[in-house]
Amino acid sequence: MTASVGSLAIPAGRKACFVGSTRYRRRAYGANHPLAIPRVALTLDLIEAYGAITPVERLEARVAADFELEWFHDREYVAAIRRAEVLGRVKQTYRERYQLGTLENPFFDQMFTTPATATGASIQAAEQVIAGRIAFNPAGGMHHARPGRAQGFCYFNDPVLGIMRLRRAGWRVLYVDIDAHHCDGVEAAFRNDADTLTLSLHMDTDYAYPSHGGRLTDCGSAESGYATVNVPLPRALTDGEYLLVFESVWPRVLDRFRPDAIVLQAGTDMLAGDPLGKWRCTTQTFLAVAERIVESAPRHADGTPRLLVTGGGGYHPLLVARAWTGLWAALSGRAISTAIPDRGAEVLRRVGWDQDEEEAFTESLIHSRLDERVNGTIRDDVREIALRVLQHPLLR
Ligand SMILES: [Zn+2]
């Protein structure tokens with residue numbers, strides 16, 4: 001079924017597209033922001049170094065139209081961001097009202113057009129999924145944005161708009177968020193939609209951003225149809241612990257909800273070494289989870305998974321590029337070598353990122369020292385969470 005590197009044949013049942021833009025080669029977010037790092041462009045460069053993408057698989061992202069942004073966002077808020085881009089600064093009144101131009105959500109050149117492009121790309125990706133392809137928008141996954149407020153580095157909530165596009169096709173949507181932070185903006189958007197279920201595995205908000213919510217007991221209500229499954233997890237989570245919890249909840253969610261399509265937010269801040277993450281998971285686990293989701297997704301008649309994948313958090317550029325390259329390989333049905341080709345190593349070295357000497361970032365696509373992490377003991381509180389989540393009213 002799968003092609004090896006070099007042949008570039010796309011296997012039957014894996015028609016995939018990568019929605020990108022040359023725009024992502026520009027630095028965004030200004031200086032000293034965790035997102036002022038190369039991510040999408042670096043990922044694409046690494047994928048190209050592998051020879052793992054063809055021209056037909058590449059799609060140029062379009063800027064979302066205002067009317068599309070307004071499916072979810074307040075008209076005044078959309079206008080305020082556009083105005084900031086034109087003015088070259090954020091007005092003081094907007095700063096307070098919309099949380100724009102702050103340290104968290106800074107002013108930057110093209111602060112409307114760049115996020116509106118990442119958002120247009122998620123809507124486009126949804127249309128590609130409806131038309132029969134798997135779609136990957138690595139610039140998307142801005143899961144914290146609110147209808148009238150920027151939050152957590154997120155200006156427009158592209159996962160919400162991508163899901164809304166799928167809902168307009170009449171599909172039931174399962175949104176699964178493996179970013180290490182709770183998807184508060186997406187959860188709130190669909191709290192009352194029984195045909196959209198959000199599933200989030202995240203760092204407990206007792207010790208991580210955002211400062212509240214995402215609790216095991218936050219699952220919606222009987223009236224609204226229990227649209228939320230939350231799995232808050234402790235610090236220093238290991239591969240074995242993550243996989244135990246994921247394998248406990250995933251088959252049950254699929255069986256009980258029976259979605260028509262899946263939207264996966266694939267932030268990489270679960271990975272050991274992420275500057276904002278507090279877990280110890282490896283790229284191996286990230287990819288194992290992604291592959292599990294691909295293989296169990298609902299399918300079109302020709303076997304193509306109905307799957308929209310976005311990026312998300314991830315603040316170590318080399319970890320991000322490695323993980324999303326492996327993810328793209330899984331989505332497009334390619335078996336690629338974990339040994340990074342010379343040209344890819346050069347692409348990664350050029351970033352000039354301070355490297356952890358224990359990790360061979362430019363040599364291998366995956367973490368070293370896997371065995372130690374996978375075979376580590378599983379803590380009792382994690383076992384308890386894996387059992388308790390199955391007491392959710394939808395999953396019992
Ligand atoms: Zn995150």
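The shown structure was predicted, so the numbers you read here are calculated from the model rather than taken from an experiment.

What counts and what doesn't
Residues numbered from 1 in each chain as written. Predicted model: local features only at pLDDT ≥ 70, side-chain atom pairs only at ≥ 80, totals over all residues. Heavy atoms only, no water. Core = buried A, V, L, I, M, F, W, Y, C linked by side-chain atoms within 4.5 Å. Buried < 20%, exposed > 50% of the residue type's maximum accessible area, 1.4 Å probe, protein only. Helix = DSSP H or I, 4+ residues; strand = E, 2+ residues; numbered from the N terminus. Contact = heavy atoms within 4.5 Å. Polar contact = N/O pair within 3.5 Å; in protein donor to acceptor, adjacent residues only side chain to side chain. 1 Å grid on protein atoms, 1.4 Å probe; cavity = no way out; pocket = protein on both sides within 12 Å on 5 of 7 lines; lining within 4 Å. Points joined across faces, edges and corners; volume = space filled by probe spheres on them. Nonpolar A, V, L, I, M, F, W, Y, C, P; charged D, E, K, R; others polar. Expected span 1.5 Å × (residues − 1). Donors = N, O, S within 2.8 Å, 3.2 Å for Na, K, Ca; no water.

Visitor: Before we go on, may I ask you to explain the nonpolar core in this structure?
Guide: One broad trend across soluble globular proteins is that nonpolar side chains are buried collectively. In terms of nonpolar packing, the biggest core is built from 73 residues, with L199, Y242, F286 and L327 touching the most fellow members. The element contributing the most residues to this core is helix α10 (residues 317–332), with 10 residues. Those residues within four positions of L199 in sequence are excluded, and the remaining contacts are L174, Y175, V176, D177, V229, V231, V249, W250 and V253.

Visitor: When you look at the environment of T102 in this model, what are you seeing that I'm missing?
Guide: Tracing the chain through its elements places T102 in the loop between α4 (92–98) and α5 (113–131). Between the C-alpha atom of T102 and that of L276, which follows or precedes it by 174 residues, the distance is 19 Å. Looking at T102, its side chain comes within polar contact range of the main-chain nitrogen of N105, at 3.0 Å.

Visitor: Please explain the layout of surface pockets as it appears in this structure.
Guide: Which parts of space are left empty comes out when a probe the size of a water molecule is rolled across the atoms. By volume, the largest pocket amounts to about 580 Å³. Of all the secondary-structure elements, those providing two or more residues to the lining of the largest pocket are α1 (40–49) and α5. Of the residues that constitute the lining of the largest pocket, the class distribution is 20 nonpolar, 3 polar and 8 charged.

Visitor: Quick question: what am I supposed to make of α5 here?
Guide: In an α-helix, one full turn covers 3.6 residues, which means residues spaced three or four apart are oriented alike. For α5, spanning 19 residues, the distance from its first C-alpha to its last is 26 Å, which sits close to the expected 27 Å at 1.5 Å a residue. Directly beyond the C-terminal end of α5, a positive phi value near 115° is found at G132.

Visitor: What exactly am I supposed to notice about the coordination of the zinc ion here?
Guide: Reference geometry at the metal: tetrahedral coordination by four donors gives ideal angles of 109.5 degrees; octahedral coordination by six donors gives 90 or 180 degrees. Looking at the zinc ion, the protein donor atoms are D179 (OD), H181 (ND1) and D269 (OD), and they sit 1.9 to 2.1 Å from it. All donor residues of the zinc ion come from one chain, and their arrangement in sequence is D-x1-H-x87-D. Of this pair, D179 sits in the loop between β5 (173–177) and α7 (184–189) while D269 sits in the loop between β8 (261–265) and α9 (283–296), and the two are 90 residues apart along the sequence. There is no split in this pair, since D179 and D269 are both buried.

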